[in-house]
Amino acid sequence: YQRRVHGGIPDFRSPGGMYDTLRPELLTATEKQRKIMSSDPTYVVNWDLFKTNQLPYLELRRPFILGLAENKWKPTISHSFIRLFHDKNILRRLYTQNIDGLDFQVFPEEVTEQDKIVTVHGTMRKISCEYCKEVVPIEDFRDNVRKHIKDIYNIDPTAPETSNTIPCPNCHSPGLKPSTVLYGGSLPAEFSTCLLEDVEDIDLLVVMGTSLTVSPANRIVNMVEKSCPRLIINRDPVGEELGINYGPNSTRDVFCQGECDVAALEIVNKLGWTDDLKNYQDIMAPNSVNLLQQALLS
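Because the structure is predicted, anything quoted here is derived from the model rather than measured. (Residues numbered from 1 in each chain as written. Predicted model: local features only at pLDDT ≥ 70, side-chain atom pairs only at ≥ 80, totals over all residues. Heavy atoms only, no water.)

Draft legend 1. Just the environment of Lys72, in detail. Locating Lys72 in the fold gives a position in the loop between helix H4 (55-69) and helix H5 (77-87). Overall, Lys72 belongs to the exposed group, its relative accessible area being 52%. Along the chain, Lys72 and Ala285 lie 213 residues apart, while their C-alpha atoms are 9.6 Å from each other. (Helix = DSSP H or I, 4+ residues; strand = E, 2+ residues; numbered from the N terminus. Buried < 20%, exposed > 50% of the residue type's maximum accessible area, 1.4 Å probe, protein only.)

In structure tokens form, the structure reads like this:
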């Protein structure tokens, strides 16, 4: 999640993130639904709520849906760091819990999902119906969101004052949304199929910018061979309850503590890949560009 925050995208789970600052009273919902969201903010992206009320999800995600269409956010050093592994032909697979699609912006167009990138929690890059699974043009959906979903953040003066459901053109149910995984929903099938192919044949597992609290993605750290070293790049130690060892006598786990961009840049420098990283600064978020330029001058 740190990778997306560096790119300027709001976080969901961290203090001050979307869940922490959620205001259920602004959402189009019943009093009972608002009460549940007040005690459990993640209910706003829960299948139990969505199947009866599509609107809170779309209202919460409205600026995110429209902002991605405008390329409002860009990849970071951390995203480009993973791309360098691909360029060096040493990347087996990227499993990303981020739904923003920024990983795809740094990879060649021919790199498809399942080839090198598995979107564990789905993606905002595709729009589909939760009921009939029909895929619809993303531009049409964004136009409907702009016209029919109110702006609870008060940043779009052209937004409607009230929200109306957006029916699926195929089954006519109010099930259209970005193809992200709701709480209570199933993960994409490729998560399991690719993981079974990968875990027995990797030389290094890199864990970057995650709390390692969301299952089943966090189980990957224990699915690789016990001989496989694990590099943790994070602000704080995570996954100790999963067996990651941060002690001085650890022979398997290596902790690179710090903000993801800063830590990734340090590793790139030590590997002698700085000139390679420079090739991607034109597509990086401004904060990442500044950090890279400072490093080049020092």
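Draft legend 2. Here's a closer look at the nonpolar core. With 32 residues, the main nonpolar core has Met37, Val44, Leu58, Phe141, Val145, Ile166 and Leu176 as its most contacted residues. Contributions of two or more residues to this core are made by helix H3 (47-50), H4, strand E3 (122-129) and helix H7 (138-148). For this core, the leading source of residues is H4, giving 8 residues. In this structure Val145 touches Arg62, Ile65, Leu66 and Ile166, once residues within four positions along its chain are discounted. (Core = buried A, V, L, I, M, F, W, Y, C linked by side-chain atoms within 4.5 Å. Contact = heavy atoms within 4.5 Å.)

Draft legend 3. View of the layout of surface pockets. The volume enclosed by the largest pocket comes to roughly 950 Å³. For the largest pocket, the lining is made up of 40 residues, of which Arg93, Tyr95, Leu205, Val206 and Val207 are closest to its centre. Sorting the residues of the lining of the largest pocket by element identifies H5, strand E1 (94-96), helix H8 (189-198), strand E6 (205-208), helix H9 (220-223) and helix H10 (260-271) as the ones contributing at least two each. The element that contributes the greatest number of residues to the lining of the largest pocket is E6, accounting for 4 residues. (1 Å grid on protein atoms, 1.4 Å probe; cavity = no way out; pocket = protein on both sides within 12 Å on 5 of 7 lines; lining within 4 Å. Points joined across faces, edges and corners; volume = space filled by probe spheres on them.)

Draft legend 4. Representation of H8. Here H8 has its buried residues at Glu190, Phe191, Cys194, Leu195 and Asp198. Down the axis, H8 shows its buried residues gathered within 125 degrees of arc, on one side only. The outward face of H8, more than 90 degrees from its buried face, is lined by the exposed residues Ala189 and Leu196. Those residues of H8 that are buried are in contact with E1, strand E2 (117-119) and H9. (Arc of directions from axis to C-beta.)

Draft legend 5. Molecular detail of the sheet that holds strand E8 (residues 253-257). Read across the open sheet, the 3 strands follow the order E6-E7-E8; overall the sheet is parallel. In the strand order of this sheet, the two ends are held by E6 and E8, each with one partner. Neighbour to neighbour, the strand axes of the sheet diverge by 15 degrees on average, direction disregarded. Bridge analysis of E6 against strand E7 (residues 230-234) gives 4 bridges, and the strand direction is parallel. When the sheet's bridge partners are listed, Val206 is paired in E7 with Leu231. In the packing of H10 onto the sheet, contacts are made with E6, E7 and E8, and the angle to E7 comes to roughly 135 degrees. (Pairing = 2+ DSSP bridges. Axes fitted to C-alpha atoms, helices over the stretch in contact; angles between N-to-C directions.)

Draft legend 6. Summary view of the pattern of salt bridges. Taken as a whole and assessed by the stated rule, the structure comprises 15 salt bridges. Asp198 is paired through a salt bridge with Arg93; the nearest N and O atoms lie 2.9 Å apart. One end of the pair, Asp198, is in helix H8; the other, Arg93, is in the loop between H5 and E1, with 105 residues separating them in the sequence. Owing to a relative accessible area of 3%, Asp198 belongs among the buried residues under this scheme. You can call Arg93 buried: its relative accessible area is 15%. Residues Lys278 and Asp275 are paired through a salt bridge, measuring 4.0 Å at the closest nitrogen-oxygen approach. Of the two residues, Lys278 and Asp275 both sit in helix H11 (residues 274-278), 3 residues apart, roughly one turn of that helix. Assessed through its relative accessible area of 55%, Asp275 is described here as exposed. Each of Arg92, Arg93, Glu197, Asp198 and Asp201 takes part in one network of salt bridges that share partners. (Salt bridge = Lys/Arg side-chain N within 4 Å of Asp/Glu carboxyl O.)

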